[in-house]
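Chains, contacts and geometry: an overview
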2 protein chains.
Amino acid sequence: VSITAPAGFSASGIACGIKASGAPDLALVVTSDGKPVPAAGVFTTNKAAAAPVQVSRAHLQETGGRASGVIINSGNANAATGAQGKRHAWGMAAAVAHELGIESKAILVCSTGLIGIPLQFEPIQSGIGELVGRLGSDIGNAQQAARAILTTDTRAKQSEFRDNGFIIGGMAKGAAMLEPSMATMLAVLTTDAVATSEMLHCALQEAVASSFNQLIIDGATSTNDTVLVFASGASGHKVDEASLVVGLKTVCTDLAYQMANDAEGGTKVARITVKGAMDSVEALAGARKVASSLLVKCSLNGQDPYWGRIVSELGSAGIDFDIDLVSVSYGGVRVCSEGSAAPHDAAKVQLHMSGHDIDIEADLGLGDGEASVLATDISHAYIDENVRTS
Amino acid sequence: VSITAPAGFSASGIACGIKASGAPDLALVVTSDGKPVPAAGVFTTNKAAAAPVQVSRAHLQETGGRASGVIINSGNANAATGAQGKRHAWGMAAAVAHELGIESKAILVCSTGLIGIPLQFEPIQSGIGELVGRLGSDIGNAQQAARAILTTDTRAKQSEFRDNGFIIGGMAKGAAMLEPSMATMLAVLTTDAVATSEMLHCALQEAVASSFNQLIIDGATSTNDTVLVFASGASGHKVDEASLVVGLKTVCTDLAYQMANDAEGGTKVARITVKGAMDSVEALAGARKVASSLLVKCSLNGQDPYWGRIVSELGSAGIDFDIDLVSVSYGGVRVCSEGSAAPHDAAKVQLHMSGHDIDIEADLGLGDGEASVLATDISHAYIDENVRTS
């Protein structure tokens, strides 16, 4: 279960000194021979995109979608850091490339941590030698990389998909409130399948749309959000796009759930499904509105099946809505029917609400549109985590 | 400072038994002679609009903008209550009208409280006699009405405007998180100015747009949001529309601030100003995005001038944005310039952050668009208030 499970990839992770705590903060994932392979990326739509995002985008464009790997630091987002931040992001790629004896443009860059604080380049520069020296393909190497990219996460997040012929591995970080998401979500995926850059790009977009994006990340993505995939081709298995999408989707969905499950101060993971909407776009808009509601998050934390807040959010989601047609269920038990309270087994609903995974389904009764999103609750711990950055 | 300050209005408030706590929960504001006067209302855009909203809208339409007053209950929103809820809302108006010997359509209705719980009509029916019996024009009567409309508010909210010739009085309730706002915001305004229904309607729309709406209420309004104004004409002063707008705006802005100041679990009121946007619509969209950010609310609670979150929210607000042109100030002290950290007097910023009223200004450096919104912080108390409804 790791990014080095697919043949052809090495990884490492070290503590170079960006984090004052001395926790691991620098990770590297590269092809084992350092040679560029087909690669693709999906990046934040935030107009305040961080320096590393700009550098990674530019490198992939320059190479036409080929890269050897990615260097990732945690502890500082290198975002809102001006021209110097760009030099530092470029410098991170150059330093790794120099150590590996390859071209700078073959290395992508990710950063995650606080915004607006100048990145100290010295610790990274000094750490590159050790980082490259520790590269390896064991599960332990991958584990070190997966740990070095974490910020407020409490657990490393790794996933794997095995098909008859190829493997996909993945690691990710991201642990803040899901919607609106302002904490960086990073994911690195590797596969030993044979695939073109173009195919990778299309498959990644599709997989992200129905996993990280659909389930988690708001339009309000952070300054640093990045999902990267590299295909070593080492399995010799020429994958077709449909199979690739299935595999990437599986890994991304698993990583997305792991993020929700590790949300800052979260005690619940709720799947919010809206069906019966005019179309799937409206269903998604409705589900997101519900998932991002502070009051709904409070209700989840309090294990309170207060469906009135669900209906109120849907009524103001800017989608077609007729309250007289709406029904709402918790854990499959209908609590609201035709827009009013429905008689139901309250003990059964309460039992469901006391669990960790909550299912909320609203049927708008209008059409065939359906969509789901994951949401987490909000607790004192979330506030405690976020009141002070220092 | 009350809704009975303008001549021609009476008010009362009682505890009729809707609230289990025995707190006041039924209020009435009517013209002192019971006769209909020019009136206007602005209602929620939520498609799950509550029964009382539907009845008030219909009555104003039927009468062409004339009404004698409004009955308001707290403790139950009478929202998502189906056909029976509509009968009850209509019944509230009918019962008051019967007691006053006037037509039902002259009485408007507001409700605030939990959604989706059938309203018990019996306590209201039984209380109408006492409610009407206690009508009076003293400040004490107005105070009773202002108290009877509260839910989780900790203080009654009243305001007054006096011009050379006419008076406007107002009361309001609303104490939940401001954006996204899902808690009902109600306001009742009275004036002794002479004005037509049409003028009242236009002036109210303009006043609400630049007070409650611009400063507080999201597109995500609750199922019950309502602002009403009645003009008795008792002063004999024929007001011009511009003066009326100024007066209504003053009262609405004051009441909006009082709501922010009484926000559930709030310890701060922040004015978030975005200037230098392409136009005022974009400025408002940016300010709202910042004001509704959970992370920004956490920072406010922690007195942390973490401008990175401001920049990140603006970058994902869907507005024109160039990080290299952005500056951010707290309390007039610039902490971010050209998108990067700016040297500043940290002690001065910290002193400002420790106060109750926080000023945050972001200049996008693009155009002349400017807008402000009020935001509150989030604290443990907010969660405690909202985890369980029962």
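Anything mentioned here points back to the structure above.
A few points on the structure.

Calculation criteria
- Residues numbered from 1 in each chain as written.
- Chains lettered and ligands numbered in written order.
- Predicted model: local features only at pLDDT ≥ 70, side-chain atom pairs only at ≥ 80, totals over all residues.
- Heavy atoms only, no water.
- Patch = residues over 30% accessible without salt bridge, like charges linked within 9 Å, V, L, I, M, F, W, Y side chains within 5 Å.
- Areas by Shrake-Rupley, 256 points an atom, 1.4 Å probe, with all protein chains shown as cover.
- Salt bridge = Lys/Arg side-chain N within 4 Å of Asp/Glu carboxyl O.
- Helix = DSSP H or I, 4+ residues; strand = E, 2+ residues; numbered from the N terminus.
- Buried < 20%, exposed > 50% of the residue type's maximum accessible area, 1.4 Å probe, protein only.
- Pairing = 2+ DSSP bridges.
- Axes fitted to C-alpha atoms, helices over the stretch in contact; angles between N-to-C directions.
- Parallel < 35°, antiparallel > 145°, perpendicular 65-115°, else oblique.
- Left-handed = near helix turned anticlockwise from the far one by under 90°.
- Contact = heavy atoms within 4.5 Å.
- Nonpolar A, V, L, I, M, F, W, Y, C, P; charged D, E, K, R; others polar.
- Buried area = accessible area lost by both parts, 1.4 Å probe.
- Polar contact = N/O pair within 3.5 Å; in protein donor to acceptor, adjacent residues only side chain to side chain.
- Arc of directions from axis to C-beta.
- Phe/Tyr/Trp six-rings, centres within 6.5 Å; stacked < 30°, edge-to-face > 60°.
- Least-squares fit on C-alpha atoms with pLDDT ≥ 70 in both.
- Lys, Arg positive; Asp, Glu negative; His and termini not counted.
- Charge placed at Lys NZ, Arg CZ, Asp CG, Glu CD.
- Disulfide = S-S within 2.5 Å.

1. Notes on a nonpolar patch on the surface
All names here are of chain A. A cluster of nonpolar side chains, Met-278, Leu-325 and Leu-366, forms an exposed patch at the surface whose accessible area comes to about 240 Å². Structurally, Met-278 is set in the loop between strand 11 (269-277) and helix 7 (280-291). Judged by relative accessible area, Met-278 falls into the partly exposed class, the value being 44%.

2. Considering the sheet that holds strand 9 (residues 186-191) of chain B
Residue and element names in this part refer to chain B. Strand order in the open sheet formed by 6 strands is 4-3-10-9-8-7, with mixed pairing between adjacent strands. The sheet is open, and its two borders are formed by strand 4 (66-67) and strand 7 (157-162), each paired with just one other strand. By the bridge criterion, 5 bridges tie strand 3 (residues 37-43) to strand 10 (residues 226-231) in an arrangement that is antiparallel. For Phe-43, the partnering residue across the bridge sits in strand 10 and is Thr-226.

3. Observations concerning the packing of helix 8 (residues 294-301) of chain B against helix 9 (residues 307-315) of chain B
When two helices pack together, their arrangement is given by the angle between the helix axes and by the axis-to-axis distance. Residue and element names in this part refer to chain B. Running from amino to carboxyl end, helix 8 crosses helix 9 at an angle of 160°, the nearest separation of the two axes being 9 Å. Considering their axes alone, helix 8 and helix 9 lie roughly antiparallel with respect to each other. For helix 8 against helix 9, the interelement crossing comes out left-handed. Between helix 8, through Leu-295, Val-296, Cys-298 and Ser-299, and helix 9, the contact on the second element is made entirely by Arg-309, Ile-310 and Glu-313. Among the residues forming the contact of helix 8 with helix 9, the class breakdown is 4 nonpolar, 1 polar and 2 charged.

4. Brief notes about the interface of chain A and chain B
In this assembly, 57 residues from chain A lie in contact with 57 residues from chain B. Between chain A and chain B the total buried area reaches about 4600 Å² when both faces are included, carbon and sulfur atoms providing 58% of it. The tally of links between chain A and chain B comes to 0 salt bridges. Where chain A packs against chain B, one counts 13 residue pairs in polar contact (both at pLDDT 80 or more). Going through the elements one at a time, helix 2 (82-100), helix 8 (294-301), helix 9 (307-315), strand 14 (340-341) and helix 11 (380-386) of chain A are the ones with two or more residues in the side of chain A that touches chain B. Looking at the side of chain A that touches chain B, the element that brings in the most residues is helix 9 of chain A, giving 7 residues. Considering only residue class, the side of chain A that touches chain B consists of 21 nonpolar, 26 polar and 10 charged.

5. Some details on helix 9 of chain B
Here helix 9 of chain B lies mainly inside the structure; 9 of its 9 residues are buried. The set of residues buried in helix 9 of chain B consists of Trp-307, Gly-308, Arg-309, Ile-310, Val-311, Ser-312, Glu-313, Leu-314 and Gly-315 of chain B.

6. Considerations on unusual backbone geometry
All names here are of chain A. Positive phi, normally seen in glycine, also occurs at Ala-80, with a value near 55°. Among the structural elements, Ala-80 can be located in the loop between strand 5 (69-74) and helix 2. The class for Ala-80 is buried, based on a relative accessible area of 8%.

7. Observations concerning helix 10 (residues 346-353) of chain A
All names here are of chain A. Within the span of helix 10, buried status applies to Val-349, His-352 and Met-353. The arc that holds the buried residues of helix 10, viewed along the axis, is 100°, so those residues lie on one side. In helix 10, the exposed positions angled more than 90 degrees off the buried face are occupied by Ala-347, Lys-348 and Leu-351. Looking at the buried side of helix 10, the elements it contacts are helix 8, strand 12 (327-330), strand 13 (333-337) and strand 15 (357-363). Among the residues of helix 10, the N-terminal cap falls to Asp-345, whose side-chain oxygen and the backbone nitrogen of Ala-347 are separated by 3.2 Å.

8. Description of the packing of aromatic side chains
Residues and elements named next belong to chain A. One pass over the full model with this rule turns up 2 aromatic pairs over all chains. Taken together, a centroid distance of 6.0 Å and an interplanar angle of 55° make the contact between Phe-161 and Phe-166 tilted. For the pair formed by Phe-161 and Phe-166, the shared burial category is buried.

9. A few points about the relation of the copies chain A and chain B
When chain A is fitted to chain B, the best match, at an RMSD of 0.0 Å, comes from turning it 180° and sliding it 0.0 Å along the axis. Overall, the copies show the geometry of a two-fold rotation axis. Measuring from the rotation axis to each C-alpha of chain A, the shortest distance belongs to His-380 of chain A, at 2.7 Å. Interface overlap between copies is the fraction of interface residues in one copy that are interface residues in the other; for chain A against chain B it reaches 100%, indicating a shared surface.

10. Description of the side chain of Asp-377 of chain A
All names here are of chain A. One can find Asp-377 in the loop between strand 16 (369-376) and helix 11. Buried and unpaired, Asp-377 has no salt bridge, with Lys-268 as the nearest side chain of opposite charge at 6.6 Å. At a separation of 2.4 Å, a polar atom in the side chain of Asp-377 contacts the side chain of Thr-267. Side chain to side chain, Asp-377 and Asn-301 meet in a polar contact 2.9 Å long.

11. What to know about the environment of Ser-56 of chain B
Residue and element names in this part refer to chain B. Secondary-structure assignment places Ser-56 in helix 1 (residues 51-63). Overall, the relative accessible area of 0% leaves Ser-56 in the buried class. Beyond its immediate sequence surroundings of up to four residues, Ser-56 is in contact with Phe-43, Leu-108 and Val-109.

12. Some points on the pairing of strand 7 (residues 157-162) of chain A
All names here are of chain A. Where strand 7 and strand 8 (residues 167-173) come together, 6 bridges link them in antiparallel fashion. Residue pairing for strand 8: Ser-159 is matched across the bridge by Gly-170. Following strand 7, the chain reverses through 4 residues before pairing antiparallel with strand 8; Gly-165 in that reversal takes a positive phi of roughly 135°.

13. Thoughts on the sheet that holds strand 15 of chain A
All names here are of chain A. Reading across from one edge, 14-13-12-15-11-16 is the order of the 6 strands in this open sheet, with mixed pairing throughout. The two strands at the open ends of the sheet, each matched to only one other strand, are strand 14 and strand 16. Against the sheet, helix 6 (residues 241-261) contacts strand 11, strand 15 and strand 16, and its axis sits at roughly 45° relative to strand 16. The sheet contacts of helix 7 involve strand 11 and strand 16, and relative to strand 16 the element is tilted by about 20°.

14. Quick notes on a negative patch on the surface
Residue and element names in this part refer to chain A. Among the surface-exposed residues, Asp-163, Glu-206, Asp-240 and Glu-241 lie close enough to one another that they form a single negatively charged patch. Take Asp-240: it is sitting in the loop between strand 10 (226-231) and helix 6. For Asp-240, a relative accessible area of 40% translates into the label partly exposed.

15. A few points about the state of the cysteines
All names here are of chain A. Tallied over the entire structure, the rule returns 0 disulfides over all chains. With no disulfide of its own, Cys-202 has Cys-252 as its nearest cysteine by sulfur position, at a separation of 15 Å. The exposure class assigned to Cys-202 is partly exposed, which follows from its relative accessible area of 38%.

16. Comments concerning the pattern of salt bridges
For the structure on display, the rule yields 16 salt bridges over all chains. Linking Lys-275 of chain B and Glu-361 of chain B is a salt bridge whose minimum nitrogen-to-oxygen distance equals 3.7 Å. Taken as a pair, Lys-275 of chain B in strand 11 (residues 269-277) and Glu-361 of chain B in strand 15 (residues 357-363) lie far apart in primary sequence, 86 residues in all. What you see here is one network of salt bridges that share partners, running through Asp-153, Arg-155, Lys-157 and Asp-262 of chain A.

17. Things to note about the packing of helix 1 of chain B against helix 2 (residues 82-100) of chain B
All names here are of chain B. In the contact formed by helix 1 and helix 2, the axes pass within 8 Å of each other and the chain directions differ by 55°. Classed by the angle they form, the pair helix 1 and helix 2 counts as oblique. Crossing geometry of helix 1 relative to helix 2 is assigned as right-handed. Where helix 1 approaches helix 2, its residues Ala-51, Pro-52, Gln-54, Val-55 and His-59 are matched on the opposing element by Gly-85, Lys-86, Ala-89, Trp-90 and Ala-93. The class makeup of the residues in the contact of helix 1 with helix 2 is 6 nonpolar, 3 polar and 1 charged.

18. What to know about the environment of Ser-10 of chain B
Residue and element names in this part refer to chain B. Position of Ser-10 among the secondary structure elements: in strand 1 (residues 9-14). Using a relative accessible area of 9% as the deciding quantity, one classes Ser-10 as buried. Spatially, the C-alpha atoms of Ser-10 and Ala-145 are 9.8 Å apart, while their sequence positions differ by 135 residues. Contacts of Ser-10, omitting those with residues within four sequence positions, involve Thr-4, Leu-28, Val-29, Val-30, Ser-32, Leu-135, Gly-136 and Ser-137.

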